[in-house]
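Inside the fold
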Amino acid sequence: MSAPGAPEPVAPVTPGDLEVDGGVGGLQAQYVAVERLAMAYDAAAALLAGRSRDVGLTLLDDDLLCSAPYAPRSFASVEAQLAALAAGPGGLLATAARWTLQADSVRTSSLAFRTADELVTSFVDHLQHRLGYLVAHPTGVGLRLTGNGDLLPEPGGDLGPLLDRLSASDGGDGGGAARLEAWALENPDHFEVLVGTGGGVLEGLWDSDGLPSAGHGRWALPTIAAAAGALALWFTPGRPVVVPAAPADAPVVGRRAGGLAGLVEELERVAGASGPGRDGTIEVQRTGSGADASYVVLLPGTDDLVTSPDEHSTVARDLGTNLASMAGRPTVYTEGILEAMRDAGIPPDAPVTIVGHSQGGMAGVQIAASGEFAVEHVVTLGSPVALMPEVPPGVEVTSLENESDLVARLDGQPNPDRLSHVTVRFDAGGGSLAEAHALERYAAGAAAVDASGDPTLRQRLESLGPGSEGGSDGGPGEEVARRAYRITRG
Amino acid sequence: MLPDVEALRALAQAYRAAGGTLRSEATALGVAVESTPWHGLAAEAARAATHEVGAMTRARADEHDEVAAALESHALEVARTLAAIAAVRERFLALAASVGATVVDAAGATLSTAGELLETVGEHVPGALGDAVGAVGELAGDLGGLLGGDDAEEAAAELRERIERIHVPGVGDLAWLDLDLPELA
């Protein structure tokens, strides 16, 4: 037990504590495997049908036919057996038809499960939206009837009255927010569901000047990602200003510890360099040279989570950027990262791994989805990426989520179970939102991943390449050349 | 066209190989369905069906083996028939040659008798072989007359010329099996 007010220590995470979804052991992998099975049945059917044709041709074979007068009885026996084999009731054609039937049956089962999954997901999304909408609409009507319609500004509208009221209702001591945070930390699953109603809540409130809509309201916010996009309209996107900087607390050329933990350790160092006057720092690391060069891009998370909507902040990694990222839009951060990657001379076909914390993870997925660089891996740490655009084929996303980390749940639903997307959940504790979201918790999770024997995780670590398998204690690591950049909003 | 025994044996071998391929395919699919990460009732039903159709495929593989065995047996029969034909033909040709060789030193009566015999057989053998046997018989009969004369050398030359003009059925011709000569059967 930690003393009251003292930070909760990082809970030990063992490989056995990890919950792994997606990847080669995930649901989509099952569907793919079943569909491959159906293709194998098709191939068997084709093989047998081909044999049936060949046997039919043997019946007409010149050598066989001209031998008939020389041994009529044995010829007749051969011909009878060939005819039965080619097209008899239990012959090759009938067996080929059974394999085709089996392929169709398996394929139909797979499709049915896949469709059922999609329907359930879609239904849950719809249910969450309707729940939020049907609760929020009468609430909004009530607010308007009591003369508080100014508390329901639409995107771009005046937020002043709302912010004043929120501040007043909090008593100025932050007690309301603290209670909400405590409840959410106690009930992270409920919090995630509640967040999932966000799109419906906003639509219900904004539609409350009229009758409730049967479907989506005029703002069409089916998901929390769409809602975040609407909220982002209050913030100024800006343009990136990218300047080179010295690597923080590390030599330009030096060694990087191996394993996923080694990468997280590097990210912790880069994130530690952020602060007043140093916000927006990222780092590009090169391993090898020439055609053998590969790159790691380290992207820390949010620097300023309480940006005022009407404020033109020079901090690129702020609340507005978070909202736009959740909506999958290009941001001042993603544009700045791309500019830095170009400046670092990363060739378009050189393999790139992006490791990002929080907003950095979302940005990493967006960079991969942009297709400008040959991103092979994105590792996200505490990033709400469930609703982000699907990455191109060949890109592997590995998401680490601390159970208590509410930021990772801001997407309102679990990450999709895809072959390309592995999600690893663990409980590294955290007594507050900030603690549970801290990189040190993810370092513990990454070390457990390195030590895990889970086949999905082993595949991921092997895929990450030399230096990633075996953990941070597994070897001397790799020599890397570091280039740091600072991204701000101009 | 003569039957090609080696081609028949190769065909049998191809069937045996195809049976092996089918058996391997059935085994591979059985392994694939067991190793596919798929669980539940549908998966179990698919596994059972796969093993059932796999067994059917193995049965087809076995039938390929049976066809291969039948083809090998057929090839053996054909080979035996061809050998029998070859033996008859060889002995016939030997007899025909002996007719020619006897030109010089055999007695005309003997040749006349052999000629009559061959002519009689030739009338009962249809087709080209019958013609050939008849022709040889006629020759032998004629020789009897020729050898009764003084010019034996001239007669021998004429005989050889007439023998060369006889059309003898080819190797493997089934007609040889219809030939029933004394000491040729």
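Throughout, a residue's number is its position along its own chain's written sequence, starting from 1. Note on labels: chains are lettered from A, ligands numbered from 1, in written order. Per-residue local features of the predicted model are confined to residues with pLDDT of at least 70, and side-chain atom pairs are confined, for both listing and counting, to 80 or more; whole-chain, interface and lining totals are unaffected and use all residues. Excluding hydrogens and water, the side-chain figures rest on all heavy atoms present in the structure.

As recorded in an unreviewed UniProt entry, chain A goes by Lipase family protein and comes from Nocardioides imazamoxiresistens.

Tallying secondary structure elements over chain B gives five helices and zero strands in all. In chain B, the succession of helices and strands from N to C terminus is α-α-α-α-α. Remark: exposure states derive from per-residue accessible area (1.4 Å probe, protein chains only) relative to the maximum for the residue type, with buried under 20%, exposed over 50%, and partly exposed in between. Split into buried and exposed, the 185 residues of chain B put 39% on the buried side. Of the roughly 9300 Å² that chain B leaves accessible, carbon and sulfur atoms contribute 56%. Per the convention used, a helix needs a DSSP run of H or I reaching at least four residues, while a strand needs a run of E reaching at least two, with both numbered from the N terminus. Each accessible area value is a Shrake-Rupley result obtained with a 1.4 Å probe; residue values ignore everything except the protein chains displayed when judging cover.

Take the packing of helix 1 (residues 27-59) of chain A against helix 4 (residues 92-145) of chain A next. Residues and elements named next belong to chain A. Lines are fitted to the C-alpha atoms to define the axes, a helix being fitted only along its stretch in contact, and any angle between axes, read from their N-to-C directions, falls within 0 to 180 degrees. Contact geometry for helix 1 and helix 4: axes closest at 8 Å, N-to-C directions at 165 degrees. Judged by the inter-axis angle, helix 1 sits roughly antiparallel to helix 4. Seen from above, helix 1 lies across helix 4 with left-handed handedness. Amino acid classes used here: Ala, Val, Leu, Ile, Met, Phe, Trp, Tyr, Cys and Pro are nonpolar; Asp, Glu, Lys and Arg are charged; the rest, including Gly, are polar. For the contact of helix 1 with helix 4, the residue count by class is 19 nonpolar, six polar and six charged. Throughout, the term roughly parallel applies to angles under 35 degrees, roughly antiparallel to angles over 145, roughly perpendicular to angles from 65 to 115, and oblique to all others. Left-handed describes a crossing whose near helix is turned anticlockwise from the far helix by less than a right angle; the clockwise case is right-handed.

A separate point is helix 16 (residues 455-464) of chain A. The α-helix advances 3.6 residues per turn, and as a result positions three or four apart in sequence lie on the same side. All of the buried residues along helix 16 of chain A are T456, L457, R458, R460, L461 and L464 of chain A. Phi turns positive, to about 100 degrees, at G465 of chain A, one or two residues after helix 16 of chain A.

Glancing now at empty space enclosed by the protein. Residues and elements named next belong to chain A. Here a cavity means grid points, on a 1 Å grid over the protein atoms only, where a 1.4 Å probe fits yet cannot get out; a pocket means an open set of points with protein on both sides within 12 Å along at least five of seven lines; lining residues are those with an atom within 4 Å of a point. Grid points are joined across faces, edges and corners, and a volume is the space filled by probe spheres set on the points. Inspection of every chain in the model, using the stated rule, returns four cavities of 30 Å³ or more. Within this model, the largest cavity holds a volume of roughly 80 Å³. V365, V385, A386, M388, P389, E390, V391, V397, P416, R418, S420 and H421 are the residues that line the largest cavity. The residue inventory of the lining of the largest cavity, partitioned by class, reads eight nonpolar, two polar and two charged.

A few words now on the confidence of the model for chain B. Residue and element names in this part refer to chain B. Predictor confidence is given residue by residue as pLDDT, running from a minimum of 0 to a maximum of 100. The predicted model of chain B has a mean per-residue pLDDT of 78, with 63% of residues at 70 or higher. Mean pLDDT across the secondary structure elements of chain B bottoms out at helix 3 (residues 108-124), with 61, and peaks at helix 1 (residues 5-35), with 95. Predicted confidence is poor over residues 104-109, with pLDDT under 50, and the contacts of this stretch with residues over four places away or in other chains come to three contacts. With a pTM of 0.69, the predicted complex shows an ipTM of 0.72. Two residues form a contact once any of their heavy atoms are found within 4.5 Å.

This part takes up the interface of chain B and chain A. It is common to give the size of an interface as the accessible area lost on bringing the parts into contact. With 43 residues of chain B at the contact, the number on the chain A side is 39 residues. Roughly 3500 Å² is buried in total at the junction of chain B and chain A, and carbon and sulfur atoms are behind 72% of that figure. Each reported salt bridge corresponds to a side-chain nitrogen of Lys or Arg within 4 Å of a carboxyl oxygen of Asp or Glu. The tally of links from chain B across to chain A stands at one salt bridge. Mapped by element, the contributors of at least two residues to the side of chain B that touches chain A are helix 1 and helix 2 (41-105) of chain B. Broken down by element, the side of chain B that touches chain A gets its largest block of residues, 22 residues, from helix 2 of chain B. Classifying every residue of the side of chain B that touches chain A gives 26 nonpolar, 10 polar and seven charged. Defined in terms of a 1.4 Å probe, buried area is the accessible area two parts forfeit on being brought together, summed over both.

This part is about the environment of V395 of chain A. All names here are of chain A. Within the element layout of this structure, V395 appears in the loop between strand 7 (375-381) and strand 8 (396-402). The class for V395 is buried, based on a relative accessible area of 5%. Between the C-alpha atoms of V395 and E376, which are 19 residues apart in sequence, the distance is 4.6 Å. Not counting residues within four places of it along the chain, the set of residues in contact with V395 comprises A368, V375, E376, V378 and S420.

Bringing the packing of helix 11 (residues 319-326) of chain A against helix 13 (residues 359-370) of chain A into the picture now. Residues and elements named next belong to chain A. At a minimum axis distance of 10 Å, the contact between helix 11 and helix 13 shows a crossing angle of 40 degrees. Taken together, helix 11 and helix 13 sit at an angle that is classed as oblique. Crossing of helix 11 over helix 13 shows left-handed handedness. Between helix 11 and helix 13, the residues in contact are T321, N322, S325 and M326 and Q359, M362 and Q366, respectively. Looking at the contact of helix 11 with helix 13 residue by residue, the classes come out as two nonpolar, five polar and no charged.

Attention now moves to the pairing of strand 5 (residues 294-299) of chain A. Residues and elements named next belong to chain A. Burial within strand 5 is extensive, with five of its six residues counted as buried. Two strands qualify as a pair provided that DSSP identifies no fewer than 2 bridges between them. Summarising the sheet, strand 4 (residues 281-287) and strand 5 pair through five bridges and their orientation is antiparallel. Bridge pairing in strand 5 links Q285 to V296. Once strand 4 ends, the chain turns through six residues before running back antiparallel as strand 5, passing G288 with a positive phi of about 75 degrees. Two elements, strand 5 and strand 6 (residues 352-357), share five bridges in a ladder whose sense is parallel. Of the residues in strand 6, the one forming a bridge with L299 is G356.

Remark: the empty space left among the atoms is shown by a probe the size of a water molecule rolled over them. Residue and element names in this part refer to chain A. Empty space within the second largest pocket amounts to approximately 930 Å³. T121, P414, N415, P416 and D417 are, among the 33 residues lining the second largest pocket, the residues nearest its centre. For the lining of the second largest pocket, the leading source of residues is helix 4, giving eight residues. Residues that form the lining of the second largest pocket fall into these classes: 10 nonpolar, eight polar and 15 charged.

Moving on to a nonpolar patch on the surface. Excluding any residue in a salt bridge, patches collect residues exceeding 30% relative accessible area, merging like charges within 9 Å and nonpolar Val, Leu, Ile, Met, Phe, Trp and Tyr side chains within 5 Å. Taken together, the side chains of V120, F123, V124 and L127 of chain A make up a nonpolar region of the molecular surface, amounting to roughly 370 Å² of accessible area. Taking relative accessible area as the criterion, L127 of chain A reaches 48% and is therefore assigned partly exposed.

Moving on: the nonpolar core. Ranked by internal contacts, the top residues of the largest apolar core, which has 54 residues, are V297, I337, I346, V352 and V375 of chain A. For this core, the element with the most residues is helix 12 (residues 332-343) of chain A, which contributes six residues. In this structure V375 of chain A touches V352, I354, I367, A368 and V395 of chain A, once residues within four positions along its chain are discounted. We define the nonpolar core as a collection of buried residues of types Ala, Val, Leu, Ile, Met, Phe, Trp, Tyr and Cys that are connected through side-chain atoms lying within 4.5 Å of one another. Among the nonpolar cores identified, the runner-up in size contains 46 residues, and V55, Y70 and V78 of chain A together with V5 of chain B belong to it.

What follows is about the confidence of the model for chain A. A low pLDDT means the predicted coordinates there should not be read in detail. Residue and element names in this part refer to chain A. On average, residues of chain A carry a pLDDT of 87, and 94% of them reach 70 or more. By mean pLDDT, helix 5 (residues 160-169) is the weakest element of chain A at 73, and helix 12 is the strongest at 97. A low-confidence stretch, residues 470-474 (pLDDT under 50), is modelled with 10 contacts involving residues beyond four sequence positions or located in other chains.

What describes a pair of aromatic rings is the distance from one ring centre to the other and the angle between the planes of the rings. What counts as a ring pair is set by centres within 6.5 Å for rings of Phe, Tyr and Trp (its six-membered ring), and what kind of pair is set by the plane angle: stacked under 30 degrees, edge-to-face over 60, tilted for all other angles. For the coordinates displayed, the defined rule picks out three aromatic pairs over all chains. Between Y41 of chain A and W99 of chain A the ring centres are 5.3 Å apart and the planes differ by 25 degrees, which places this aromatic pair in the stacked class. Of this pair, Y41 of chain A sits in helix 1 while W99 of chain A sits in helix 4; the two residues are 58 residues apart in sequence, bridging distant segments of the chain. The rule for a charge over a ring is simple: NZ of Lys or CZ of Arg within 6 Å of the ring centre, and within 35 degrees of the ring normal. Against the face of Y15 of chain B rests R51 of chain A, its NZ or CZ located 5.1 Å from the ring centre. Over the aromatic face of Y133 of chain A sits the side chain of R130 of chain A, whose NZ or CZ is 4.8 Å from the ring centroid.

All chains considered together, the criterion is met by 32 salt bridges over all chains. Residues R317 of chain A and D303 of chain A are paired through a salt bridge, measuring 2.9 Å at the closest nitrogen-oxygen approach. Taken as a pair, R317 of chain A in the loop between strand 5 and helix 11 and D303 of chain A in the loop between strand 5 and helix 11 lie far apart in primary sequence, 14 residues in all. Residue class for R317 of chain A comes out buried when judged on its relative accessible area of 0%. R60 of chain B is paired through a salt bridge with E63 of chain B; the nearest N and O atoms lie 2.8 Å apart. Of this pair, R60 of chain B and E63 of chain B both sit in helix 2, separated by three residues, roughly a single helical turn. Among the ionic contacts, a cluster of salt bridges with common partners joins E19, D21, D189, E192, E403, R409 and R425 of chain A.

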